[in-house]
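# Observations on chain architecture
Chain by chain, the residues:
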Protein chains: 4
Amino acid sequence: MTKDSLRVAMIGTAFMGKAHSQAWRTAPHFFDLPLEPRLELLVGRSPEGTADRAGRLGWEQWSTDWRAAVANPDIDVIDICTPGDTHAEIAIAALEAGKHVLCEKPLANSVAEAERMTEAAERAHASTGAIAMCGFSYRRTPALILARRFVEEGRLGAIRHVRAAYLQDWLRDANAPLTWRLDRTKAGSGALGDIGAHSIDTAQWLTGQSITEVSATMRTFVTERPERAETVGLGGRGDEHAPKGPVTVDDAAAFTASFSEGALGVFEATRMATGRRNANRIELNGERGSVAFDFERMNELEYFDGSGADPDAEGFRRIQVTDPAHPYMSNWWPTGHGIGYEHLFTHQAVEFIRAIAGEAPASPSFAEALDVQRVLASVEASASDRSRATPVERPRA
Amino acid sequence: MTKDSLRVAMIGTAFMGKAHSQAWRTAPHFFDLPLEPRLELLVGRSPEGTADRAGRLGWEQWSTDWRAAVANPDIDVIDICTPGDTHAEIAIAALEAGKHVLCEKPLANSVAEAERMTEAAERAHASTGAIAMCGFSYRRTPALILARRFVEEGRLGAIRHVRAAYLQDWLRDANAPLTWRLDRTKAGSGALGDIGAHSIDTAQWLTGQSITEVSATMRTFVTERPERAETVGLGGRGDEHAPKGPVTVDDAAAFTASFSEGALGVFEATRMATGRRNANRIELNGERGSVAFDFERMNELEYFDGSGADPDAEGFRRIQVTDPAHPYMSNWWPTGHGIGYEHLFTHQAVEFIRAIAGEAPASPSFAEALDVQRVLASVEASASDRSRATPVERPRA
Amino acid sequence: MTKDSLRVAMIGTAFMGKAHSQAWRTAPHFFDLPLEPRLELLVGRSPEGTADRAGRLGWEQWSTDWRAAVANPDIDVIDICTPGDTHAEIAIAALEAGKHVLCEKPLANSVAEAERMTEAAERAHASTGAIAMCGFSYRRTPALILARRFVEEGRLGAIRHVRAAYLQDWLRDANAPLTWRLDRTKAGSGALGDIGAHSIDTAQWLTGQSITEVSATMRTFVTERPERAETVGLGGRGDEHAPKGPVTVDDAAAFTASFSEGALGVFEATRMATGRRNANRIELNGERGSVAFDFERMNELEYFDGSGADPDAEGFRRIQVTDPAHPYMSNWWPTGHGIGYEHLFTHQAVEFIRAIAGEAPASPSFAEALDVQRVLASVEASASDRSRATPVERPRA
Amino acid sequence: MTKDSLRVAMIGTAFMGKAHSQAWRTAPHFFDLPLEPRLELLVGRSPEGTADRAGRLGWEQWSTDWRAAVANPDIDVIDICTPGDTHAEIAIAALEAGKHVLCEKPLANSVAEAERMTEAAERAHASTGAIAMCGFSYRRTPALILARRFVEEGRLGAIRHVRAAYLQDWLRDANAPLTWRLDRTKAGSGALGDIGAHSIDTAQWLTGQSITEVSATMRTFVTERPERAETVGLGGRGDEHAPKGPVTVDDAAAFTASFSEGALGVFEATRMATGRRNANRIELNGERGSVAFDFERMNELEYFDGSGADPDAEGFRRIQVTDPAHPYMSNWWPTGHGIGYEHLFTHQAVEFIRAIAGEAPASPSFAEALDVQRVLASVEASASDRSRATPVERPRA
């Protein structure tokens, strides 16, 4: 009756590493899993830092050599939590070594990299059965899964409007420090790839439609920032006396989008929206109904039944997505006892493990994440070409 | 001690006519006015309808001849509440006859018309002292005036984001009837001019910045509609058995915008946002603070103090803009006893009367409304040219 | 086709007088009324003040002699907007003179007075057909009428909980001045009669149940206040240097209540709830559904369908009670364009006029208002007797 | 550098057992703890069930003999998650055996039991240094700790109103099954002890004041229920065909309360408030400010600054209590990434461990929990005596 183990090596020790650690540890205690994940090996950059993080985050062993991890026959999963410029190399090596790969988003810093990763994933799956998945964690939000169910049930009818804004404010202070997230060579882009990518993925997944064309504007409000930080992490403060270096990514991106079945999208991503801490918002308006979501109230979904069935009593209803009937919630707490941010990662771990066991599709696949990358590229192309409507280029099926 | 009268003739008897009538009647009972408005003459199209409306709306006399009203020496004010295609002709004639003119928005159906009207207004003002004002009534919302005060006080610092969405849903049903608002020759444009114009005016007025460039997309989701209505008015139902005619305006418009001092704007106007009845929303994010407003809760303003003065206690505060210290509110009811939609028109009447008496500026002037028209034109131009970033063309100062 | 006039004399010129004036003036322009109200005569205390107010509020004539008004054959309606200690004398005289009477709430300062008024109303109605109504204006809120409709339709099933709190804060400052509202001889009681009376009336009317027993606590937090005001009106500021006089009414009252069909009520009324400007709230929880209302958002009703019909999508829905299908709203503005506080008084005028014309019941009648008075008396009795559960004493039917 | 272990035995395997397990497991990965908790031994009733739960919840060993656990020298902590009727016996035995004890709330089913437990705790602490703490987990909510900080900082001034309602609806269906929570011999009381106890504890702790007197009403709406369940857990459904047994506890309790420094409290606890899933609400109104909280939005605190410092901009602000500066939050995720229900238990584990290490006070102590028990007893006494105002009896200090 003992389950087979799934031995995980995680590359990256920061914010995402912390979230993934808690997920691997927690998942088996709340979900019936076909395999038992083990926090086997943590890979970081510096020996001291990594040793310390391994103890703190609960990993059996640590190392500073991701290549050794990839080559290690006692590892089943490579979990990539590093900045985007390293994803392609690690993921491809891991897939070629027959490992299952969970890779944080955005999948890569360019379409070309993402294409190579997707090809590697498909090759590996065909030859070794390896599973590759991208960490669009917001797909694991019960309220958004419920929204998708409503779309699939036809409650909204044909969707006309997609309104997505991902608003943060941790860069509002012009003295916030210059970190890797503001360096194009590391991060690929700024608000666009960091948080706008989530909106794009969520929008396509929720609607079941592809974005076919975009018209975009990007903006960098603060063009240089202190090169040293006083306090680290998202929201850290820069050292005012430090020299300044150039910000090479966007602070904000906004674009309109056309969807494959006719919906009109409006997207905005920014890290300068003073007072909006993590407002990952999306609203769909359909012929027969609407849904609206804001991650700042992640346990709630607003739903409007516009079918005309009860005309006196129409109104957006605040569904507390905490009932046993709601996605994942029967595994957690009684109704009204909400979950938090980290639970998305636990759900992600659950789905990844189920996919490895063949119980569920491996979605979002690298191919799906590549598709987001194509949209990101079109957004950047449009923004560089005076916002001209720019098709999302996809190979013919 | 008796005040001089201000004898008003109103052209138009429908939704706006009803609102203006209540305003003229109510203003003197709640505000100390330099002149006493009199509901002298109502001008409509059909004799029966107009007679009936004059009785209902409380006008002394009625007529079907607007030219006679304009020529009538016993009339001081021409109040234009007709569809946009008639504004220029009536307003120019009235101004040339030395009347004060209050004209509903959008000022006209084209920049050319609006330019002629503005020239006429400036000429008339120089020669007869006539006052011309455009009915951007949302500027009269106490919560928005408070927001503007906050901007002027520097509470927000430099503004980076303008996020405006005007969402209605009275056209969501594909069988809603084909009315003049869906006819380009009457209405000029659809959601864009009808409600997007409000957002543009509000955004420029609140920020004190001009929109310099736009990139736009427009969409008509339902391209033909029944030519006969079962029930009339906004939200009326079409006769399913009636023949259908073409919708010649936009159902929705979305655009990004650059502001003169660097803010990035995202605008959306639609009459198809199922469940959003009259969500005229605007949010400004500045370096030091933010404000957010939704007309569906018109007595409230959300304000975020991001100055860092009280870091533990930062949060959007819901200001009930009903205190005596708030704009116009000492004239109404005790704190917490809100006002409604029609009060905007009363405030507008008050400001118009004060402008005539020389106590206040005549704002929004025709020139300001012309500026909105220029932005509308640029939006349409951009939408026709694959969303290309399109400057707002203004004459050199 | 000209309608008969209904000639109104209003006694009282302050807050309520202002609201009633606007109602009499506005009602005929928005509603088809069987009679045409005329603002004939305003009665105040001082000649100068009353003359001024008559001009401002729009009354034809003014006087300082309410007895003459009552005796005047050219007056049809006596509208009583004075403090509670004068209601009985004026109302009874008016009814005996054959006038219709609209009397502000609470009906009287004691059960005995209210009984005499009710007897006078019933006698007058039998002999002259006079109509008497009490001004529980919150009954005229469209959202609350919709809530009542939901109760009557059985959407809530058997009601178990009534949760009513009327929270204001205009007395939070210990230096707010000593006005008539803080004087037991004028006002009868404090928060209890002023605002708690509204909650009691609303609760009984919404549920269709009577309060049968109460257990109450009353509290005066600030026992003396300045006898002179710097600024007048609700929320005025006292003169710190003025001598202080005793507050002889409650600042707050709280009580539990049993309803005739088994519901459990919790009531709270206070004028010291810092930050709550006019939060007149009521929530009903029934076997099959719930409704919740807060006057600070008077155009909204929250409704929860707990019938189990759509278990995945249960949630309190925010109904914007602004659709043409909603009570009174087809007479006002398009959906989403809300109304304000004063509209309640317009609706009240409409219902009073309809009752006079025999088109509608005269409700809330003096008998209904007397019933509220009986509950108020039981609340005071319980509070005086260590909160002991105290039955509401009513004569046998 | 290895930390000493803290070996935990937990008695009880259901809802609370699941929450505590996750807390013991998670705490050391997010907090620097002086001792390392180990999930050593799970004690349940049936061998099969307990073995299964031990595997699922992550405990090293299991047993069905709590007495053996208490006697086991390899156990440091006894964590009591059983129904209230067993608390006294287990806790006293554990304390006498020198164990640290964490006991779920309410501390006991009677004041007498709670007194014996408190004496045992004090004796044990004196002799062995054992720590005893009661599981009022809501005290661990960052938003409520922030509220308390605001009270302590004097931001509210003297507190006048405490308004606490704990509203659930899992018993709204008359066919919900008869579980131990509806059996007086097991649960002590119903809504009162289950959830009202939380409100009482929170109110006393937040205000720093004691409840001195109460006037109460209790109600059982559904007096018998099916003795067999179709689905188990909170919100389970009863078998309609099963015989019915009597409900011996309250469905709802409501009471007013006097606080030691003059505040007036209104309390309500119910499990029949249709649509309110877990609305644990509390609001304090003070002379200078107010705070309001609802557990359904547990990451938010509403705060009103009524000091008059910024009169135009007063309003309840929605503080997202997710900033690093907020209690516990620097240990979790970046701002705007909220936490969930279970995190309260992690915080509780952290505080318990710190108390054992002498780094923090052991609060809520058994003495504090006994005080809640005294209030509960007074509530029941008042409800039995026609709601008469009933002092909370406490021994002289």
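Model, not experiment: these values are computed from the prediction.

## Concerning unusual backbone geometry
Residues K105 of chain A and P106 of chain A are joined by a peptide bond in cis, for which omega reads -15°. Position of P106 of chain A relative to the elements: it lies in the loop between β5 (100-104) and α5 (111-128). The amide bond that connects S363 of chain B to the next residue, P364 of chain B, takes the cis arrangement and shows omega of 0°. Examined against the element boundaries, P364 of chain B turns out to sit in the loop between α9 (343-356) and α10 (366-384).

## Thoughts on the domain arrangement of chain A
Residue and element names in this part refer to chain A. Taken as a whole, chain A is organised into domain 1 (4-137) and domain 2 (143-340 + 371-384). The straight-line distance from the C-alpha centre of domain 1 to that of domain 2 is 25 Å. Buried area between domain 1 and domain 2, summed over both chains or domains, comes out near 1,600 Å², and the portion from carbon and sulfur atoms is 63%. Our count for the contact surface shared by domain 1 and domain 2 stands at two salt bridges. Put simply, R374 and E115 hold a salt bridge, and the shortest N to O gap is 2.9 Å. Viewed at the interface, domain 2 and domain 1 are joined by six residue pairs in polar contact (both at pLDDT 80 or more). Every element with two or more residues in the side of domain 1 that touches domain 2 is listed here: α1 (15-30) and α5. Within the side of domain 1 that touches domain 2, the residues separate by chemical class into ten nonpolar, six polar and three charged.

## Focus: the environment of R163 of chain B
Checked against the element boundaries, R163 of chain B lands in strand β7 (residues 159-167). When the C-alpha atoms of R163 of chain B and F267 of chain B are compared, they prove to be 6.2 Å apart, with 104 residues separating the residues in sequence. Other than its neighbours up to four places away in sequence, R163 of chain B contacts L167, E268, T270 and A273 of chain A together with V266, R281, I282, E283 and N285 of chain B. Side chain to side chain, R163 of chain B and E268 of chain A meet in a polar contact 2.7 Å long.

## Structural notes on the interface of chain B and chain D
In this assembly, 19 residues from chain B lie in contact with 19 residues from chain D. Together, the buried faces of chain B and chain D total about 1,400 Å²; carbon and sulfur atoms form 34% of this surface. Its largest share of buried area at the contact with chain D, chain B owes to D312, A313 and R317 of chain B, together 42% of the area lost on that side. Remark: the boundary between chain B and chain D carries five salt bridges. With a shortest N-O distance of 2.6 Å, D312 of chain D and R149 of chain B are connected by a salt bridge. Breaking the side of chain B that touches chain D down by element, the ones donating at least two residues are α6 (142-152) and β16 (316-320) of chain B. The element contributing the most residues to the side of chain B that touches chain D is β16 of chain B, with five residues. Per-class residue counts for the side of chain B that touches chain D are eight nonpolar, three polar and eight charged. Pairing of β16 of chain B with strand β16 (residues 316-320) of chain D, which is carried by three bridges, proceeds in the antiparallel orientation. When the sheet's bridge partners are listed, F316 of chain B is paired in β16 of chain D with R318 of chain D.

## Looking at the relation of the copies chain B and chain A
Structural alignment of chain B on chain A gives an RMSD of 0.0 Å, achieved by rotating through 180° and translating 0.0 Å along the axis. Seen this way, the second copy is the image of the first under a two-fold rotation axis. Rotation axis and chain B: the residue whose C-alpha lies nearest the axis is R388 of chain B, separated from it by 2.2 Å.

## Remarks on helix α6 (residues 142-152) of chain A
All names here are of chain A. Here α6 lies mainly inside the structure; eight of its eleven residues are buried. Within α6, burial applies to P142, A143, L144, I145, L146, A147, F150 and V151. Taken from the residues just after α6, G154 is the one with a positive phi, measuring 80°.

## So, the sheet that holds strand β4 (residues 77-80) of chain C
Residues and elements named next belong to chain C. Read across the open sheet, the six strands follow the order β3-β2-β1-β4-β5-β6; overall the sheet is parallel. The open sheet has two edge strands, β3 (61-63) and β6 (132-135), and neither has a second partner. Strand-to-strand, the axes of this sheet are offset by a mean angle of 25°, without reference to chain direction. With four bridges joining them, strand β5 (residues 100-104) and β6 adopt parallel strand pairing. Across the sheet, C103 pairs through a bridge with C134, a residue of β6. Sitting on the sheet, helix α9 (residues 343-356) is in contact with β1 (4-11), β2 (35-43), β4, β5 and β6, with an inclination near 155° to β5.

About the criteria used
- Residues numbered from 1 in each chain as written.
- Chains lettered and ligands numbered in written order.
- Predicted model: local features only at pLDDT ≥ 70, side-chain atom pairs only at ≥ 80, totals over all residues.
- Heavy atoms only, no water.
- Helix = DSSP H or I, 4+ residues; strand = E, 2+ residues; numbered from the N terminus.
- Domains from an automatic or database assignment.
- Buried area = accessible area lost by both parts, 1.4 Å probe.
- Salt bridge = Lys/Arg side-chain N within 4 Å of Asp/Glu carboxyl O.
- Polar contact = N/O pair within 3.5 Å; in protein donor to acceptor, adjacent residues only side chain to side chain.
- Nonpolar A, V, L, I, M, F, W, Y, C, P; charged D, E, K, R; others polar.
- Contact = heavy atoms within 4.5 Å.
- Pairing = 2+ DSSP bridges.
- Least-squares fit on C-alpha atoms with pLDDT ≥ 70 in both.
- Buried < 20%, exposed > 50% of the residue type's maximum accessible area, 1.4 Å probe, protein only.
- Axes fitted to C-alpha atoms, helices over the stretch in contact; angles between N-to-C directions.

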